[in-house]
Amino acid sequence: MDRVTFVFDTTTAALWAEEVATTERIPCEVVPAPAESNAACDLALVTLPGHAEPLGRALSREGVVHRRWNPTTG
């Protein structure tokens with residue numbers, strides 16, 4: 001199953017992102033950030049592809065600094 005991974009620079013941002021997702025009722029899961037993502041934080045959020053755009057928009061709207069990580073392009 002494909003999943004989309006969002007990585008963060010701080011633990012605070014990762015936990016805030018989870019809170020935003022919960023508030024917006026966007027399903028996601030907090031997981032360890034992939035080592036190869038070079039994320040400054042050890043936490044990441046994963047969601048299904050159909051939820052990635054709404055989650056990214058919600059995070060941006062709320063000011064949560066994040067980036068989408070792709071295992072094939074980094």
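Draft legend 1. The arrangement of the overall build of the chain in detail. The helix and strand inventory of the chain stands at two helices and four strands. Computed over the C-alpha atoms, the radius of gyration of the chain is 11 Å, within 12% of the 11 Å expected from 2.2 N^0.38 for a compact globule of 74 residues. Its C-alpha atoms give the chain principal-axis dimensions of about 30 × 25 × 15 Å. Across the 74 residues of the chain, 36% fall into the buried class. Taking the intrachain contacts of the chain between residues at least 6 apart in sequence as the baseline, contacts between residues at least 24 apart amount to 70%. Carbon and sulfur atoms provide 50% of the accessible area of the chain, an area that totals close to 4600 Å². One way to put it: in the chain the 6 positive side-chain charges average out to a point 7 Å from where the 10 negative ones average out.

Draft legend 2. Layout of the side chain of Ser-37. You can see Ser-37 is positioned in the loop between β2 (29-32) and β3 (43-47). Assessed through its relative accessible area of 3%, Ser-37 is described here as buried. Within the structure, the side chain of Ser-37 is placed 2.6 Å from the backbone oxygen of Pro-34, a separation counted as a polar contact.

Draft legend 3. Spatial organisation of the nonpolar core. Ranked by internal contacts, the top residues of the largest apolar core, which has 16 residues, are Phe-6, Phe-8, Ala-17, Leu-45, Leu-55, Leu-59 and Val-64. Listing elements by their share of this core, those giving two or more residues are β1 (4-7), α1 (11-24) and α2 (49-62). Per element, the largest residue contribution to this core is five residues, and it comes from α1. Those residues in contact with Leu-59, other than ones at most four positions away along the chain, are Phe-6, Phe-8, Ala-17, Val-20, Val-64 and His-66. Val-31, Ala-44, Val-46 and Trp-69 belong to the second-largest nonpolar core, a separate cluster that totals six residues.

Cut-offs applied
- Here the residue numbers are simple positions, counted from 1 along each chain's written sequence.
- Since the coordinates come from a predicted model, pLDDT governs what is reported: local features require at least 70, and pairs of side-chain atoms require 80 or more to be given and counted, while whole-chain, interface and lining totals use all residues.
- Based on all heavy atoms of the structure, the side-chain values leave hydrogens and waters out of the count.
- In this text, helices come from DSSP runs of H or I with a minimum length of four residues, and strands from runs of E with a minimum of two, each type numbered from the N-terminal end.
- When we talk radius of gyration, it's over C-alpha atoms, and the globule rule is simply 2.2 Å times the number of residues to the 0.38.
- To sort residues, take the accessible area from a 1.4 Å probe on protein chains only and compare it with the maximum for the residue type: under 20% means buried, over 50% means exposed, and anything in between is partly exposed.
- We call two residues in contact whenever any of their non-hydrogen atoms come within 4.5 Å of each other.
- With residues, only the protein chains shown are counted as cover, and all accessible areas are computed by Shrake-Rupley using a 1.4 Å probe.
- Under the counting rule used here, the positive set is Lys and Arg, the negative set is Asp and Glu, and His together with the chain ends is not counted.
- Note that the charge is assigned to NZ on lysines, CZ on arginines, CG on aspartates and CD on glutamates.
- Under the rule applied, a polar contact is a pair of N or O atoms within 3.5 Å (in protein, one hydrogen donor and one hydrogen acceptor; residues adjacent in sequence only if both atoms are side-chain atoms).
- We define a nonpolar core as any set of buried Ala, Val, Leu, Ile, Met, Phe, Trp, Tyr and Cys residues linked to one another through side-chain atoms lying within 4.5 Å.

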